[in-house]
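In case you want the letters, here they are:
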Amino acid sequence: MTEVYLKIDSICKSFGTFKAVDGLSLEVPAGSVYGILGPNGAGKTTTIRMLLNIIAPDSGNIEIGGRPFADELKKQIGYLPEERGIFKKMKILDLLGYFGELKGLSSKESKRRGTEWAERFGLKDWLKKKGEELSKGMQQKAQFICTVLHEPKLLILDEPFSGLDPISMDLLKDIILELKSKGSTILFSTHQMDSAERLCEYICLINRGRKVLDGRLAEVKRGFGKSSLAVSVEGDSSYLSGLPGVARVDDYGAYKEIRLANGGNPQQLLREISSRSAVHRFELMEPSLHNIFIEAVKGSEGK
Amino acid sequence: MRNLWVVTKKEFLGMVKTKGFVIGIFLGPLILGAFMFLPAFLARKSKEPQQRMAAIDQSGWLYNKLDSVLVDTLPDGQKAYILSQIPYRVDSFKPEEEKLRGRILKKELDAYLFVPAGIDTGASPVYYARSAGNVVTQNRLENRMHDLVVARRLEKQGVTVANLKSLLKDVDLELRQVTEKGTAKTSFFTVYLTSFFLVILLFTTVLGYGQHLARSIVEEKNTRIIEVLTSSATPFQLLMGKTIGLGAAALSGVLAMFFLGFLFGAPLVRMLEMENIKNVFNPVLLVNFVIYLLLGYFFFMSIFTILGAISNSDQEVQSMVAPIVWAMVLPMMIGFLVAQNPNAGWITILSLIPFFTPTLMVMRISYLPPSWPELAASYVIMILSILAMGALAAKIFRVGILMYGKRPTLPELVRWVRYR
């Protein structure tokens, strides 16, 4: 296995009687894009806050680059919190200068880099404006620039895609991949499965503070086997969920994803379906991350 | 260390560059100047109009004498009073008075005076005027009539006095404050105004910057900037940077204000010969003002830090500010008692309680500086309280900046403080 950059070893954190994170362990390989997935309240943000040493775990260890967290490490980390905001009364250029300086750059250098980034994000004309004059989307972009200004070795993004339009979302994905190619390790949390599916090499699925499954995305999917069917038929298809061997049906509009029950036989199912309606598409596939997510979360809650 | 400097610089510049800061520097001395110099200035330059006054003299003797002593002139040399006599007749008295009132309302006349027959045996003369505010004229009339009536009484006793005015001259009690440097001429009014101004300046500075601090904490909390900041610097660096940066701004504002005040005030003091102002603004008071400003600043900043850290909105901060305001304005509420006896036991004790120390001490010092041991004791108590309150604030800040939603209850706060 590749070199591990970030190692979390059975961390726990409780707030009062509520266990937000309960014995979570994970290893983030250096230079990877790693997604922490989980439903709302799973403990993603708490985990991230512990990674950043904003709050301390009740127990367990966190190592970054083979060492426990130390203040010097802060300069190597870039962090984008889940909720967005910048100073209302501060000019964007000063904002970039301030955050750059806090990360150890000179004010001049951070403004120079900030201007370059602003050009890329189409924010250049707004550098002299105050935060409150920017639209919400532009504020998000400015905040993202603050996060990457110092070329962090470790980039931690909490729900980076929420609230972005598709164009900005693509730009952000490009930049994440670009930073990865430059050697940064990127860890982000999300509950948007499609972005995770397209970006992540590794995922860790957590629910109720515990790890449900983790590993290389391709391997995780392979683990579930080609146990899904993409099916599209003519006319009424409501009978699909009632057929023997079908666990659940998800409607994606153009096609339906059928999860096979244990021992479900695709060939038998094909015969059954073709006897009832004309089949436009019938394809064996790996389950979508969306379905893996739902099954894993439900499975972990059933126990 | 570098982060502390970066935060301090940002907070300082962020404050100093605002319009409000610059305006405040000019406004402070201007308001004080208005209070201190305007009365003296107006007294010199005031342009009162001529007063047309009628008099009904029932006594029969007073009018002529009054006419000969009421010879004040206006600054432009004109007579201040134009007096006219309305003869007194029993049968036409009522309608005559009606007529006079009518003329006053028509502004043909400013006032009329009724002199009763028994004025020298205790009956009061009555002054009828459109405006009750002309205190100068009322005082003059009263004084002159007083002199005339006294002279009349003396005459009746067989005493004739050639120079009654100098005989009846009032005794003016002059106030000289005894300080270590000898005696200095002051006036109660000046001292009172000065102490009031300094207390207000201290109080508004601390309150203004304190609320700014609390609001900026709330803003950083709500925008989650605080999380980004704490992933770059420690909470302690952030808090210290904010406090020191804003404190430097507050101090430079006040010093700039003093500088401007002296720059423009000194020539005015010389011009208006207001020696006593120089004596009131003595170095002991000014140095102590700066000391108590800083001590008060750091003490109340800790409290505002706590307010900011446990609040989720400006409104929540605002609702908790009132007790602080009350603590700080206490000296103004008991100002007259302090003036009477600045070193009374209970005032001494009150002024050693950190919440009241800064403002109350500044007020006391402007009347009569307490002994050095007492001053030193108040410094020490303040510094210890700042350290204790600061440590408490730092702990609450560290936890509070990451807590959203409900404001914590007291037991929760205690738990926050205990967190390692």
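For the structure, see preceding data.
Throughout what follows, the structure given in this document is the object of discussion. Keep in mind that what you see is a predicted model, and the values were worked out from it rather than measured.

Assigned secondary structure in chain A consists of nine helices and 14 strands. Its C-alpha atoms give chain A principal-axis dimensions of about 70 × 45 × 35 Å. Looking at chain A as a whole, 51% of its 303 residues are labelled buried. For chain A, restricting intrachain contacts to residue pairs at least 6 apart in sequence, the fraction spanning at least 24 positions comes to 70%. When the accessible surface of chain A is split by element, carbon and sulfur atoms take 48% of a total near 13900 Å². Computing the positive centroid from 44 side-chain charges and the negative centroid from 40, chain A places the two 3 Å apart.

Now for the interface of chain A and chain B. It is common to give the size of an interface as the accessible area lost on bringing the parts into contact. On the chain B side, the residues contacting the 25 residues of chain A number 21 residues. Together chain A and chain B conceal approximately 2300 Å² of surface at their shared face, both sides included; 57% is due to carbon and sulfur atoms. A per-residue breakdown of the area chain A buries against chain B is headed by Phe87, Tyr98 and Leu102 of chain A, which together make up 25% of the total. For the pair chain A and chain B, the number of links is three salt bridges. Across the contact surface, chain A and chain B share eleven residue pairs in polar contact (both at pLDDT 80 or more).

Another point: helix 1 (residues 44-51) of chain A. Owing to its 3.6 residues per turn, the α-helix brings residues three or four apart onto one side. Counted residue by residue, helix 1 of chain A has seven buried out of eight residues, so it is predominantly covered. Downstream of helix 1 of chain A by a residue or two, asparagine 53 of chain A has a phi angle that is positive, lying close to 65 degrees.

So, on to the packing of aromatic side chains. With the rule as written, the count across this model stands at 15 aromatic pairs over all chains. Aromatic side chains phenylalanine 93 of chain B and phenylalanine 114 of chain B sit 5.3 Å apart centroid to centroid with 45 degrees between the ring planes, which places their arrangement in the tilted category. Taken as a pair, phenylalanine 93 of chain B in helix 4 (residues 93-105) and phenylalanine 114 of chain B in strand 3 (residues 111-115) lie far apart in primary sequence, 21 residues in all. Positioned above the aromatic ring of phenylalanine 161 of chain A is the side chain of lysine 173 of chain A, whose terminal nitrogen or guanidinium carbon lies 5.7 Å from the ring centre.

What counts, and where the lines are drawn
Residues numbered from 1 in each chain as written. Chains lettered and ligands numbered in written order. Predicted model: local features only at pLDDT ≥ 70, side-chain atom pairs only at ≥ 80, totals over all residues. Heavy atoms only, no water. Helix = DSSP H or I, 4+ residues; strand = E, 2+ residues; numbered from the N terminus. Buried < 20%, exposed > 50% of the residue type's maximum accessible area, 1.4 Å probe, protein only. Contact = heavy atoms within 4.5 Å. Areas by Shrake-Rupley, 256 points an atom, 1.4 Å probe, with all protein chains shown as cover. Lys, Arg positive; Asp, Glu negative; His and termini not counted. Charge placed at Lys NZ, Arg CZ, Asp CG, Glu CD. Buried area = accessible area lost by both parts, 1.4 Å probe. Salt bridge = Lys/Arg side-chain N within 4 Å of Asp/Glu carboxyl O. Polar contact = N/O pair within 3.5 Å; in protein donor to acceptor, adjacent residues only side chain to side chain. Phe/Tyr/Trp six-rings, centres within 6.5 Å; stacked < 30°, edge-to-face > 60°. Lys NZ or Arg CZ within 6 Å of the ring centre and 35° of its normal.

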